[in-house]
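Chain by chain, the residues run as shown.
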Amino acid sequence: MFVKRTLWLLAALCLAGCSRQATDTTQPEKVFSREEFDALVVGKSEEEVIRAVGTPHKTSDGPDYRFFSYFKRTRDGVTDKVDADATIIFQDGKAERVSY
């Protein structure tokens, strides 16, 4: 009985070793310079912004503004450090400015 169980266990382990692991095929999100990010979004509609830099990580609405926040997607050109977030401020349907 012990030999039979051991053989089944070895066979199961061999088959498990032959199985393929699913690999993560998602690409890391691009990190833009602040200047590049500004050029891609300022003056654009929400749809144009999403096409240019992707879906925001967070959105929120104020009485006169709408906000799209992107986390770790921009880099400060002076310090060369990645910004914690970049928030695009929309007014009247267009991206007015970016807050870093």
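Residues numbered from 1 in each chain as written. Predicted model: local features only at pLDDT ≥ 70, side-chain atom pairs only at ≥ 80, totals over all residues. Heavy atoms only, no water.

Turning our attention to the nonpolar core. Phe32, Phe37, Val41, Val49, Val53, Phe68, Tyr70, Ala86, Ile88, Phe90, Ala95 and Val98 form the largest nonpolar core, which has 12 residues in total. A per-element tally of this core places strand β5 (residues 85-91) first, with three residues. Phenylalanine 32 has contacts with Phe37, Leu40, Ala52, Val53, Arg73, Thr74 and Arg75, leaving out every residue within four places of it along the chain. (Core = buried A, V, L, I, M, F, W, Y, C linked by side-chain atoms within 4.5 Å. Buried < 20%, exposed > 50% of the residue type's maximum accessible area, 1.4 Å probe, protein only. Helix = DSSP H or I, 4+ residues; strand = E, 2+ residues; numbered from the N terminus. Contact = heavy atoms within 4.5 Å.)

The final tally for this structure, using the stated rule, is eight salt bridges. Linking glutamate 36 and lysine 30 is a salt bridge whose minimum nitrogen-to-oxygen distance equals 3.3 Å. Residue classification places glutamate 36 among the partly exposed residues on the basis of a relative accessible area of 32%. Looking at lysine 30, the relative accessible area reads 43%, which means it is partly exposed. A salt bridge links arginine 66 to aspartate 61; the shortest N-O distance between them is 2.7 Å. What makes aspartate 61 exposed here is its relative accessible area of 55%. (Salt bridge = Lys/Arg side-chain N within 4 Å of Asp/Glu carboxyl O.)

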